[in-house]
Amino acid sequence: MYQAPRGTSDILPEQQGIWNFINNIAKNSSEIFGFKEISTPTFEETELFQRGVGSDSDIVQKEMYSFTDSSEKSFTLKPEGTAATCRAFIENGMNNLPKPIRLFYISSMYRHERPQSGRLRQHHQFGAEVFGDESPEIDSELIELALHYLNSLGLKNLKIKINSIGDLTTRSKFSEDLKLFFGPYKSQMNSVDKKRLETNPIRLLDSKDNNLENLKENSPKSIDYLDEESKLHWNSVLNNVHNLTKTYTKFDIEIDHKLVRGLDYYNRTVFEIHPNEEKSQSSILSGGRYDDLMNLLGGPDVPGVGFGSGIERIILNLENQQFLLPDNYINKGPKLTMISLGNQDLTNTCIEIATFLRNNNISVILAPKNRSIKGQMRYANSCNSENVLIIGEKELEKSSALIKNLKDSSEKPVDLSPKNILKILKKI
RNA sequence: GUGGGCGUAGUGUAGUGGUUAACACGUCAGGUUGUGGCCCUGAAGAUCGAGGGUUCAAAUCCCUCCGCUCACCCCA
């Protein structure tokens with residue numbers, strides 16, 4: 001038997017409601033903030049991600065779905081949205097549009113990981129990016145979009161972790177100092193951390209090794225290494241975000257000097273949003289600033305800031321807090337189910353009426369015609385149909401039918417002209 | 001890549017060595033003449049994840065593989 005590939009899953013009809021709800025909120029929040037939707041291809045040239053996400057990152061090192069097509073070119077299913085959005089920006093000359101340029105997307109992402117709760121090989125992200133403005137107000141505006149989105153979804157008890165990791169030059173000094181600080185403890189580290197100490201000491205702050213916890217509390221902090229400009233930027237972002245939490249009251253702020261992020265392209269502001277009770281893979285939205293990325297990808301010197309939010313993780317969190325889906329997202333049955341008891345002529349009459357009604361925006365299904373009236377009624381009921389129209393040979397002779405409301409069980413004869421039926425249904 | 005837990009009808013479960021593998025939900029049919037939801041009756045539906053082994057006898061014990069799941073790593 002065929003199965004969905006590992007780490008992927010079907011979204012069944014009964015789950016579509018919550019997905020539509022989240023997609024609509026994402027779109028609505030984005031539009032309120034003036035963001036425009038962009039869609040990029042499912043796959044891109046592998047090199048885009050190697051350069052964009054960074055060849056040292058875990059994503060590129062071991063999680064990409066790469067393949068070679070018949071022209072021997074290597075492509076990769078997109079593991080994240082920012083690099084692809086930057087590519088589209090460059091390729092379409094969006095640098096000539098009035099800046100800043102605000103974009104959002106809702107798209108599938110693919111990473112070859114071992115699946116577990118909140119982690120899949122195909123997942124969906126709502127992402128937003130702003131290009132062409134390095135002011136701190138843009139960082140906090142983007143964060144506000146995130147808060148607005150999560151707030152509108154009805155998520156409660158969230159915490160925003162925020163940090164500034166400075167720019168490329170100040171970071172190298174920070175990195176060196178971390179190496180000096182952690183160096184003496186190398187013998188106590190696990191093999192992964194030992195390697196990090198050499199190649200990317202900043203990532204040591206990410207380590208979940210409990211042995212390092214106490215050490216990390218006293219380790220050098222990236223915000224102490226910021227140059228004047230970055231420091232002003234950081235203070236301003238922080239101040240703005242504090243102001244936001246007056247309106248968006250469900251969020252706590254935590255300055256987390258251990259937050260450094262695993263994607264190589266970030267500079268200055270980095271942030272993550274988590275539920276207050278953290279578990280594994282609890283981050284539901286995360287992002288930061290990436291002023292050098294566009295350039296790195298061969299584009300103009302344009303700063304950027306963005307976030308991505310995993311929709312599956314949002315759903316997990318909504319389910320954890322006994323979320324009730326608004327009524328209008330709950331699967332409704334058809335307005336009418338047609339029940340016919342008789343020969344082919346009668347069936348044809350039903351089809352004609354159904355066609356007419358559908359073309360007038362009424363949802364109609366036909367009950368399976370070979371069943372008894374009881375069987376057809378049961379079918380209509382299990383489909384949650386609002387009404388049924390019963391036509392038998394008796395009715396056909398008199399050119400009439402019975403219309404029955406399944407909610408209140410009321411029933412009345414109607415004239416069998418499509419227009420008349422339409423008129424009656426519109427009134428119900 | 002590493003480790004733990006788990007694989008029995010469509011779904012959720014019971015069954016831990018002994019006839020035709022049980023129950024609930026779901027599906028389909030019937031419950032008198034042409035009426036759904038509740039209720040009642042019946043039917044269909046499972047090579048007990050796959051392969052091998054032990055045994056007179058295996059869903060049950062052993063081995064291998066596969067899958068799912070949780071955790072690590074990492075991330076959304």
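Residues numbered from 1 in each chain as written. Chains lettered and ligands numbered in written order. Predicted model: local features only at pLDDT ≥ 70, side-chain atom pairs only at ≥ 80, totals over all residues. Heavy atoms only, no water.

So what about the protein's contact with RNA strand B? Which residues, and what values?
Close contacts around RNA strand B come from 47 residues, with Arg-111, Arg-119, Arg-196, Arg-313 and Ser-409 the closest. Expressed as a percentage, the sugar and phosphate content of the atoms of RNA strand B within 4 Å of the protein is 50%. In the environment of RNA strand B, a base nitrogen lies 3.5 Å from a nitrogen or oxygen atom belonging to the backbone of Gly-118. Separating a base nitrogen of RNA strand B from a backbone N or O atom of Leu-406 is a distance of 2.6 Å. Every element with two or more residues in the surface near RNA strand B is listed here: helix 3 (58-62), strand 6 (122-131), strand 10 (285-289), strand 11 (304-310), helix 13 (373-382), helix 14 (393-398) and strand 15 (400-405). Considering every element that reaches the surface near RNA strand B, the biggest residue donor is helix 13, with five residues. A breakdown of the residues in the surface near RNA strand B according to their chemical character gives ten nonpolar, 16 polar and 21 charged. (Near = heavy atom within 4 Å. Polar contact = N/O pair within 3.5 Å; in protein donor to acceptor, adjacent residues only side chain to side chain. Helix = DSSP H or I, 4+ residues; strand = E, 2+ residues; numbered from the N terminus. Nonpolar A, V, L, I, M, F, W, Y, C, P; charged D, E, K, R; others polar.)

Before we move on, can you summarise the pairing of strand 10 with the specific residues and values?
With respect to burial, strand 10 is a largely interior element, five of its five residues being buried. Burial along strand 10 is two-sided: the face carrying Leu-285, Gly-287 and Arg-289 and the face carrying Ser-286 and Gly-288 are both buried. Pairing between strand 9 (residues 267-275) and strand 10: five bridges, direction antiparallel. Residue pairing for strand 10: Glu-272 is matched across the bridge by Ser-286. (Buried < 20%, exposed > 50% of the residue type's maximum accessible area, 1.4 Å probe, protein only. Pairing = 2+ DSSP bridges.)

Let's hear about the sheet that holds strand 16 (residues 411-415): which residues, and what values?
The strand order across the open sheet built from five strands is 13-12-14-15-16, with neighbouring strands paired in mixed fashion. The open sheet has two free edges, formed respectively by strand 13 (364-366) and strand 16, since each of these has just one partner strand. Mean inter-strand twist for the sheet, computed between neighbouring axes without regard to direction, equals 25 degrees. When strand 12 (residues 336-341) meets strand 14 (residues 387-392), the two strands line up parallel, connected through six bridges. Bridging across to strand 14, Met-338 finds its partner in Leu-389. Contacts between helix 12 (residues 344-358) and the sheet are confined to strand 12, strand 13 and strand 14, with strand 12 contributing the most and set at about 165 degrees to the helix. (Axes fitted to C-alpha atoms, helices over the stretch in contact; angles between N-to-C directions. Contact = heavy atoms within 4.5 Å.)

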